[in-house]
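Letter by letter, the chains look like this.
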Amino acid sequence: MALIGHSVPEAARWLRRGEVVGIPTETVYGLAGNALNTQSVARIFEIKERPSFDPLIVHVPDLSAADNWVTSFSPAAIDLAERFWPGPLTLVLPRKAIIPDLVTAGLDTVAIRCPAHPLTQQLLALLDFPIAAPSANKFGRISPTDAQHVADQLGQEIPYILDGGPCPIGIESTIVGFEDEQPVIYRMGGIPVEDIERVTGPAVLRMYSASNPKAPGQLTRHYAPGKKLIFGKIEELLNHYPAPIAGILSFSTDYHAPYQRILSPSGNLREAAQHLFGYLRELEAMPVEVILAEPVEEKGLGRAINDRLRRAAATLTETTIYE
Ligand code: TXA
Ligand code: MG
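Definitions and limits used
- Residues numbered from 1 in each chain as written.
- Chains lettered and ligands numbered in written order.
- Predicted model: local features only at pLDDT ≥ 70, side-chain atom pairs only at ≥ 80, totals over all residues.
- Heavy atoms only, no water.
- Helix = DSSP H or I, 4+ residues; strand = E, 2+ residues; numbered from the N terminus.
- Rg over C-alpha atoms; globule rule 2.2 N^0.38 Å.
- Buried < 20%, exposed > 50% of the residue type's maximum accessible area, 1.4 Å probe, protein only.
- Contact = heavy atoms within 4.5 Å.
- Phe/Tyr/Trp six-rings, centres within 6.5 Å; stacked < 30°, edge-to-face > 60°.
- Lys NZ or Arg CZ within 6 Å of the ring centre and 35° of its normal.
- Salt bridge = Lys/Arg side-chain N within 4 Å of Asp/Glu carboxyl O.
- Core = buried A, V, L, I, M, F, W, Y, C linked by side-chain atoms within 4.5 Å.
- Polar contact = N/O pair within 3.5 Å; in protein donor to acceptor, adjacent residues only side chain to side chain.

Draft legend 1. Structural detail: the overall build of the protein chain. When you go through the protein chain residue by residue, the secondary structure sums to 11 helices and 15 strands. At 19 Å, the protein chain has a C-alpha radius of gyration in line with the 20 Å of a compact globule built from 323 residues. Seen along its three principal axes, the alpha-carbon backbone of the protein chain occupies a region of about 55 × 45 × 40 Å. Relative to its full complement of 323 residues, the protein chain shows a buried share of 57%. Within the protein chain, contacts between residues at least 6 apart in sequence are counted, and of these 67% link residues at least 24 apart.

Draft legend 2. Seen up close, the packing of aromatic side chains. This model, assessed by the stated rule, comprises 0 aromatic pairs. In this structure, Arg261 packs its charged tip against the face of Tyr279, placed 6.0 Å from the ring centre.

Draft legend 3. Seen up close, the pattern of salt bridges. Summed over all chains, the structure comprises 15 salt bridges. Two residues, Glu194 and Arg303, come together in a salt bridge whose shortest N-O distance is 3.9 Å. Within this pair, whereas Glu194 is found in helix H8 (residues 193-200), its partner Arg303 is found in helix H11 (residues 301-313), the two being separated by 109 residues in sequence. Where salt bridges share partners, they join Glu172, Asp307, Arg308 and Arg311 into one cluster.

Draft legend 4. Spatial organisation of the nonpolar core. Of all hydrophobic cores here, the largest spans 73 residues; its most connected members are Leu89, Leu91, Ile112, Ile158, Leu249 and Leu276. The biggest single contributor to this core is helix H10 (residues 269-284), with 8 residues. Apart from the residues within four sequence positions on either side, Leu249 is in contact with Ile234, Arg261, Leu263, Leu276, Tyr279, Leu280, Leu283, Leu292, Ala293, Glu294 and Leu309. Ranked by size, the runner-up nonpolar core spans 17 residues in total, among them Ile23, Leu119, Phe129 and Ala133.

Draft legend 5. Quick peek at the side chain of Asn34. Note that Asn34 resides in strand S3 (residues 30-34). In this structure the side chain of Asn34 is engaged in a polar contact, spanning 2.7 Å, whose partner is the backbone nitrogen of Leu36. Filtering out sequence-adjacent residues up to four positions away, Asn34 remains in contact with Leu15, Ser40, Val41, Phe129 and Pro130.

By themselves, these are just geometric observations and shouldn't be taken as functional.
Put into structure tokens, the structure is as follows:
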């Protein structure tokens, strides 16, 4: 069973030996390995049960370190990095050949991010290699937002989890790339689309592609809880699924149901994002048959939250055969 601890040097020791460990970031916990060591990267895919066509994010301490792994930064990419790094932004940029093909799934781009969590910043400062880290959950399941979530799903398979407390953002990074110099958002996340567009101008949203996804956050069903989740107006849904068999995930309304979680009683989207994945896990563990979830306000972080809930609710299709 993984040891849960607070020692950055210990996490660094495991990583230098080629092992894979859990690390905190401001978005969600990551399953970390040496991005330049193919065996470590292969182990990440194996533990996560992730299909190898699905590339990983490479984590670096700062913009100048990113330069080692990327052939060119467009002016818009530099503007975004200067504005939002360290923070929940991943940039998809042309890669240098030194990044193993396994990390990028053979693409000619690499996804790169500078995380803001102080412990992971300290960890990156101790290492002379970048960290490849997907979210530390089994493929297609709910991302972990505290160290215990990581232990629950992956504790048997890794030696150490660096505990940095609950993740302050709670949903994954926003992924932005460029196609013919046009900014493209592959995944909505911790930085609202509106904030990205304030820097780059209008961006294309390309998030729902069923075949050969550029980002599997794009697979229709993702972030799925172990129970059926229905996304809609809770008052209407309660006519079909009465409260004792339904768990309720509401934005701010108290439905006075026996099994419910309220994302933010004051209607605050940041607080709602922080609680989203943890509350889905809690509802999943309750004695209910279905989870009813309602949309939050469709603006700012709310768009990323609704995106996660829509995907969690999507019925199984051929795009999910990899789960
Ligand atoms: O907040 C986050 O980004 C977290 C923390 C741990 O940093 N990481 C994370 O990783 O969410 P993961 O593997 O769960 O999601 C990474 C996403 C995937 O959807 C993947 O397809 C996309 O990044 N991705 C990676 N490389 C890419 C590339 N070259 N082009 C487009 N998408 C890419
Ligand atoms: Mg993930």
